[in-house]
Amino acid sequence: GAGVSQSPSNKVTEKGKDVELRCDPISGHTALYWYRQRLGQGLEFLIYFQGNSAPDKSGLPSDRFSAERTGESVSTLTIQRTQQEDSAVYLCASSLHRTSGLTETQYFGPGTRLLVL
Amino acid sequence: GESVGLHLPTLSVQEGDNSIINCAYSNSASDYFIWYKQESGKGPQFIIDIRSNMDKRQGQRVTVLLNKTVKHLSLQIAATQPGDSAVYFCAENIEGSQGNLIFGKGTKLSVKP
């Protein structure tokens, strides 16, 4: 079956512009995560969606970052007034619903490589 | 493609040898651990996971060992192949944290033919 898909694969933008990144999770996965990966670094958690619950936004670095999810499908991550330090790979992951307190495996998409000039 | 291996610890092994990649974690409340492989220009790929009620788990050519006493996790790859060359990340999940993973900085594995 299809894995997590993300678009665009690459995005070059000018400082101050807004960008919107898209994630299509694996069908049937109710949990969706966004992470950021700077060059040569590990992944930093940004935001987490689980079904119809309020999202966990604790990882968002500033109010310029926001994300939405429509039901249990597509999610968009928006960065307003982009800065050069926003340049990174933005990765999306999805998993089955976390039941009985057990963590479910997260499966990642290929990422969107964002370059802010 | 983009390199994700800059400024990372590097492990260089000969093809056919076994590889051991180590990871230390800091939170004793973590109850789930996972290893990912990331090739240049790609997203992380799941390799193997382990829960805190186990100390060893085996997959195909891979074994994960968990030592909760010293908060140490290792990934062993048997008969390492050139296709295993990548950056390997360990990640942990802290009970009650709603599932987001906390990633280590990664180790670059380089396999010499």
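Structure shown above.
Presented here is a report on the structure given in the accompanying data block. (Residues numbered from 1 in each chain as written. Chains lettered and ligands numbered in written order. Predicted model: local features only at pLDDT ≥ 70, side-chain atom pairs only at ≥ 80, totals over all residues. Heavy atoms only, no water.)

Some details on the pairing of strand β8 (residues 88–95) of chain A
Residue and element names in this part refer to chain A. Among the 8 residues that make up β8, 8 are buried, leaving the element largely enclosed by the rest of the structure. Of the two faces of β8, the one carrying Ala88, Tyr90, Cys92 and Ser94 and the one carrying Val89, Leu91, Ala93 and Ser95 are both buried. Bridging between strand β4 (residues 31–37) and β8 involves 7 bridges; their strand directions are antiparallel. Following the sheet pairing, Tyr35 is matched in β8 by Leu91. As defined by bridge partners, β8 adjoins strand β10 (residues 112–116) across 3 bridges and the pair is classed as antiparallel. The residue of β10 that forms the bridge with Ala88 is Leu114. Summarising the sheet, β8 and strand β9 (residues 107–108) pair through 2 bridges and their orientation is antiparallel. Considered in β9, the bridge of Ser94 is made with Tyr107. (Buried < 20%, exposed > 50% of the residue type's maximum accessible area, 1.4 Å probe, protein only. Helix = DSSP H or I, 4+ residues; strand = E, 2+ residues; numbered from the N terminus. Pairing = 2+ DSSP bridges.)

Thoughts on the layout of surface pockets
Residue and element names in this part refer to chain B. Considering only enclosed or pocket space, the largest pocket measures out at about 170 Å³ in volume. Looking at the largest pocket, the residues that line it are Lys37, Gln45, Phe46, Ile47, Gln60, Arg61, Val62, Ile77, Asp84 and Tyr88. The dominant element in the lining of the largest pocket, judged by the number of residues it contributes, is strand β4 (residues 45–51), at 3 residues. A class-by-class count of the residues in the lining of the largest pocket yields 5 nonpolar, 2 polar and 3 charged. (1 Å grid on protein atoms, 1.4 Å probe; cavity = no way out; pocket = protein on both sides within 12 Å on 5 of 7 lines; lining within 4 Å. Points joined across faces, edges and corners; volume = space filled by probe spheres on them. Nonpolar A, V, L, I, M, F, W, Y, C, P; charged D, E, K, R; others polar.)

Here's the deal with unusual backbone geometry
Geometrically, the link from Ser7(A) to Pro8(A) is a cis peptide bond, its omega value of -10 degrees lying close to zero. Phi is positive for Ala79(B), which is not a glycine, with a value near 50 degrees. If you trace the backbone, Ala79(B) turns up in the loop between β7 (72–77) and β8 (86–94). Accessibility expressed as a relative area gives 36% for Ala79(B), which makes it partly exposed.

Focus: the pattern of salt bridges
Summed over all chains, the structure comprises 8 salt bridges over all chains. A salt bridge links Asp49(B) to Arg57(B); the shortest N-O distance between them is 2.3 Å. One salt-bridge network, in which partners are shared between bridges, spans Arg36(A), Arg38(A) and Glu44(A). (Salt bridge = Lys/Arg side-chain N within 4 Å of Asp/Glu carboxyl O.)

Comments concerning the interface of chain A and chain B
Contact residues are listed per partner, giving 25 residues for chain A and 29 residues for chain B. When chain A packs against chain B, the two sides together hide about 2100 Å² of surface, and 51% of this comes from carbon and sulfur. For the pair chain A and chain B, the number of links is 0 salt bridges. One can count 6 residue pairs in polar contact (both at pLDDT 80 or more) joining chain A with chain B. The set of elements that each furnish at least two residues to the side of chain A that touches chain B consists of β4, β5 (43–50), β8 and β9 of chain A. When its residues are assigned to classes, the side of chain A that touches chain B shows 12 nonpolar, 9 polar and 4 charged. (Contact = heavy atoms within 4.5 Å. Buried area = accessible area lost by both parts, 1.4 Å probe. Polar contact = N/O pair within 3.5 Å; in protein donor to acceptor, adjacent residues only side chain to side chain.)

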